[in-house]
Amino acid sequence: MPPFRVFGTAQNRRAWWSNMKDDLTGWRADRVAARASQRKGVRPLDLLRIIIAIILPPLGVFLQEGIGKHFWINILLTLLGYIPGIIHAVWIIAKR
């Protein structure tokens, strides 16, 4: 009887082997750490960006996205009215 017979189906064998490789290489720990860094919530840097966005909305968007379409949209909104620029900047920062 082959040793893999104990694990049943081919899917169970693949799962067992995948977990074994993860344990040996430590990849699972890296994956868990990556998930932890992707948690929702406001981080200190985001809070600073939001404060900057309230003072100068295009700068907050620039710090978040760089010079791209959102930056130019925010400049246009800020020129049309300060409040729409702030709302857009805070939305861009918070959606990440």
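Up top you'll find the structure we're talking about.
1. Let's talk about the packing of helix H3 (residues 44-55) against helix H4 (residues 57-65)
For any two helices packed against each other, one specifies the inter-axial angle together with the distance between the axes.
Stage number 1. Axis separation between H3 and H4 bottoms out at 5 Å; the angle between their running directions is 150 degrees. Taken together, H3 and H4 sit at an angle that is classed as roughly antiparallel. Contacts between H3 and H4 involve Asp46, Arg49, Ile52, Ala53 and Ile55 from the former and Pro57, Leu59, Gly60, Leu63 and Gln64 from the latter.
Stage number 2. Residues belonging to the contact of H3 with H4 are distributed by class as follows: six nonpolar, two polar and two charged.

2. Side note on helix H6 (residues 82-95)
It helps to recall that an α-helix has 3.6 residues per turn; residues three or four apart then point in one direction.
Stage number 1. Between its first and last C-alpha atoms H6 spans 20 Å; for 14 residues at 1.5 Å apiece the expected length is 20 Å, and the two agree.
Stage number 2. The complete set of buried residues in H6 reads Gly85, Ile86, His88, Ala89, Ile92 and Ile93. Taken down its axis, H6 places every buried residue within 165 degrees of arc, on the same side. Pointing more than 90 degrees away from the buried face of H6 are the exposed residues Ile83, Ile87 and Ala94.
Stage number 3. Contacts from the buried residues of H6 go to H3, H4 and helix H5 (69-80).

3. Here's the deal with the packing of H3 against H6
Stage number 1. Where H3 meets H6, the closest approach of the two axes is 9 Å, and the angle between their N-to-C directions is 165 degrees. If you check the angle between H3 and H6, you find them roughly antiparallel. Seen along the crossing, H3 lies across H6 with a hand that is right-handed. Here H3 contributes Asp46, Arg49, Ile50, Ala53, Ile54 and Ile55 to the contact with H6, which in turn contributes Tyr82, Ile86, Ala89, Val90 and Ile93.
Stage number 2. Within the contact of H3 with H6, the residues separate by chemical class into nine nonpolar, no polar and two charged.

4. Quick word on the side chain of Asn74
Stage number 1. If you trace the backbone, Asn74 turns up in helix H5.
Stage number 2. In this structure Asn74 comes out as buried when scored by relative accessible area, which is 0%.
Stage number 3. Among all residues touching Asn74, those that are not within four sequence positions of it are Pro57, Pro58, Val61, Gly85, His88 and Ala89.

5. With respect to the pattern of salt bridges
Stage number 1. Within this structure, the stated rule accounts for one salt bridge.
Stage number 2. Linking Asp46 and Arg49 is a salt bridge whose minimum nitrogen-to-oxygen distance equals 3.2 Å. Of this pair, Asp46 and Arg49 both sit in helix H3, three residues apart, roughly one helical turn.
Stage number 3. For Arg49, a relative accessible area of 13% gives the class buried.

The rules behind these values
Residues numbered from 1 in each chain as written. Predicted model: local features only at pLDDT ≥ 70, side-chain atom pairs only at ≥ 80, totals over all residues. Heavy atoms only, no water. Axes fitted to C-alpha atoms, helices over the stretch in contact; angles between N-to-C directions. Helix = DSSP H or I, 4+ residues; strand = E, 2+ residues; numbered from the N terminus. Parallel < 35°, antiparallel > 145°, perpendicular 65-115°, else oblique. Contact = heavy atoms within 4.5 Å. Nonpolar A, V, L, I, M, F, W, Y, C, P; charged D, E, K, R; others polar. Expected span 1.5 Å × (residues − 1). Buried < 20%, exposed > 50% of the residue type's maximum accessible area, 1.4 Å probe, protein only. Arc of directions from axis to C-beta. Left-handed = near helix turned anticlockwise from the far one by under 90°. Salt bridge = Lys/Arg side-chain N within 4 Å of Asp/Glu carboxyl O.

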